[in-house]
Amino acid sequence: MKVFLSLFFIIVSPSLYAWDSNGHKLVAEIAYENLTPNAKKAVLQLLQTPGPWYSHPLSFSNSAAWADWIRPNTSEYNTWHYINLPYCGNDVCLTQTTVSPNVVTAIQLDATILQNKEASAVEQGTALRFYLHWLGDIHQPLHTISYYSSSYPQGDAGGNRYLLQDSTYPNLHAFWDGGCGLWPQNKNLNKREIRALAKEWQALYPPKEFAAALTDKEPLKWAKDSHSLAVEYAYEAASQHSVSLKAQKNAQIVCEKQIVLAGYRLAQNLNAWYSMP
């Protein structure tokens with residue numbers, strides 16, 4: 001009965017969150033620490049603008065989680081959080097569906113708005129809130145993949161239907177949303193904890209470690225890179241619907257690196273657009 005209820009919840013609910021709020025806030029905190037003074041001033045000003053589904057300004061890090069918080073109010077952007085690049089493993093792909101709009105097209109759209117000098121402050125402020133979020137989403141490997149097989153002829157929805165033999169995480173997607181156990185499940189890290197982790201991980205993984213990756217400007221390439229990580233460190237590591245301690249440790253390292261890379265990429269783009277006074 002417990003497995004049935006878990007599967008029922010996964011199928012009928014839009015469980016499409018990438019990272020949880022902690023992951024998104026970490027991406028934003030890392031980005032913020034790498035912004036130029038002019039870029040910081042510009043983005044903070046845009047986040048003061050009014051817009052749909054928010055009545056008061058949010059901090060930079062909280063704004064990165066906003067696109068998940070508005071989901072009870074609108075389903076319009078549900079497919080914008082992910083892209084279903086197929087993974088067939090050794091089985092037959094019976095169906096391969098890539099939904100559009102998706103996280104790749106969302107990033108492209110909001111990047112265009114943010115660089116459009118004719119766009120209003122409200123339009124840019126809303127686009128910025130979304131953009132902060134999409135950059136986190138596309139670096140969460142389970143948001144770039146859907147596993148197709150005879151058991152999952154319609155795909156497994158980024159691991160949402162791929163159940164785990166685990167008392168903490170019901171499925172593969174939930175495991176990766178929670179940073180593969182890097183932080184306690186259902187615990188919101190406070191501002192001090194977010195800052196401490198952001199500094200610790202930047203020291204472990206400085207920008208020079210991602211020198212090649214940071215030259216890649218195309219969101220579709222980012223998605224394909226995340227997809228490759230999902231195949232190797234998520235599905236192949238959990239082939240028996242369980243995750244060993246060694247596989248979990250490897251997955252945690254991937255999560256750390258992806259969050260840091262997302263932060264650096266976010267800062268790189270915002271600096272390019274807003275560093276000039």
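Our structure is the block above this text.
The model shown is predicted, which means the values in this text are computed figures rather than measured ones.

(A) Focus on the overall build of the chain. For the chain, the helix and strand inventory stands at 11 helices and two strands. Traced from its N-terminal end to its C-terminal end, the chain shows the element sequence α-α-α-α-α-β-α-α-β-α-α-α-α. With the principal axes as the frame, the chain shows a C-alpha extent of 55 × 40 × 35 Å. Long-range contacts, defined here as pairs at least 24 residues apart, represent 74% of the contacts in the chain between residues at least 6 apart.

(B) View of the nonpolar core. Counting residues in hydrophobic clusters, the biggest one holds 78 residues, and the most contacted among them are Phe60, Trp134, Leu172, Trp176, Tyr235 and Leu270. Counting residues per element, this core draws most heavily on helix H11 (residues 245-274), at 12 residues. Sequence-distant contacts of Tyr235, that is, excluding residues within four places in its chain, are made with Tyr87, Leu142, Ile145, Tyr147, Asp156, Gly158, Gly159, Tyr162, Leu172 and Ala230.

(C) Structural detail: the pattern of salt bridges. Taken as a whole, this structure holds six salt bridges when the rule is applied. Here Lys199 and Glu33 are joined by a salt bridge, their closest N and O atoms 3.8 Å apart. In this pair, Lys199 is assigned in helix H9 (residues 191-204) and Glu33 in helix H2 (residues 21-33), connecting sequence segments 166 residues apart. By relative accessible area, Lys199 is classed as exposed at 52%. A salt bridge links Glu193 to Lys187; the nearest nitrogen and oxygen atoms lie 3.2 Å apart. Overall, Glu193 belongs to the partly exposed group, its relative accessible area being 24%.

(D) Region of interest: the side chain of Asn78. Topologically, Asn78 is positioned in the loop between helix H5 (66-69) and strand S1 (85-87). Reaching out from Asn78, the side chain makes a polar contact with the side chain of Arg71 at a distance of 3.4 Å.

(E) Layout of the packing of helix H3 (residues 37-46) against H11. H11 packs onto H3 with a crossing angle of 90° between their chain directions and a minimal axis gap of 9 Å. Classed by the angle they form, the pair H3 and H11 counts as roughly perpendicular. Listed contacts from H11 to Asn38, Ala39, Ala42, Val43 and Leu46 of H3 are Leu270, Asn271 and Tyr274. The residue inventory of the contact of H3 with H11, partitioned by class, reads six nonpolar, two polar and no charged.

(F) Here's a closer look at H9. Taking 1.5 Å of rise per residue, the 14 residues of H9 would be expected to cover 20 Å, and the 20 Å separating its terminal C-alpha atoms lies within 8% of that figure. Ile194, Leu197, Ala198, Trp201 and Gln202 are the residues of H9 that are buried. Buried residues of H9 fall within an arc of 130° about the axis and therefore sit on the same side. Residues of H9 that are exposed and point more than 90 degrees away from the buried face comprise Arg192, Lys199 and Ala203. Against the buried residues of H9 lie H2 and H11. For H9, the side-chain oxygen to backbone nitrogen distance between the N-cap and Arg192 is 3.1 Å, and the N-cap itself is Asn190.

(G) View of the packing of aromatic side chains. Scanning all chains against the criterion turns up 18 aromatic pairs. Considering the side-chain rings of Phe175 and Trp176, the 6.4 Å spacing of their centres and the 85° angle between planes classify their relative orientation as edge-to-face. Taking the relative accessible area as the measure of exposure, Phe175 reaches 4% and is therefore buried. Pairwise contacts between aromatic rings join Trp53, Trp66, Tyr77, Trp80, Phe130 and Trp134 into one cluster. The side chain of Lys40 reaches across the aromatic face of Tyr32, ending 4.7 Å from its centre.

(H) Quick look at the environment of Asn188. Along the chain, Asn188 falls in the loop between helix H8 (172-177) and H9. For Asn188, a relative accessible area of 56% gives the class exposed. Excluding residues that lie within four positions of it along the chain, Asn188 makes contacts with Ser21 and Asn22.

About the cut-offs
- Residues numbered from 1 in each chain as written.
- Predicted model: local features only at pLDDT ≥ 70, side-chain atom pairs only at ≥ 80, totals over all residues.
- Heavy atoms only, no water.
- Helix = DSSP H or I, 4+ residues; strand = E, 2+ residues; numbered from the N terminus.
- Contact = heavy atoms within 4.5 Å.
- Core = buried A, V, L, I, M, F, W, Y, C linked by side-chain atoms within 4.5 Å.
- Buried < 20%, exposed > 50% of the residue type's maximum accessible area, 1.4 Å probe, protein only.
- Salt bridge = Lys/Arg side-chain N within 4 Å of Asp/Glu carboxyl O.
- Polar contact = N/O pair within 3.5 Å; in protein donor to acceptor, adjacent residues only side chain to side chain.
- Axes fitted to C-alpha atoms, helices over the stretch in contact; angles between N-to-C directions.
- Parallel < 35°, antiparallel > 145°, perpendicular 65-115°, else oblique.
- Nonpolar A, V, L, I, M, F, W, Y, C, P; charged D, E, K, R; others polar.
- Expected span 1.5 Å × (residues − 1).
- Arc of directions from axis to C-beta.
- Phe/Tyr/Trp six-rings, centres within 6.5 Å; stacked < 30°, edge-to-face > 60°.
- Lys NZ or Arg CZ within 6 Å of the ring centre and 35° of its normal.

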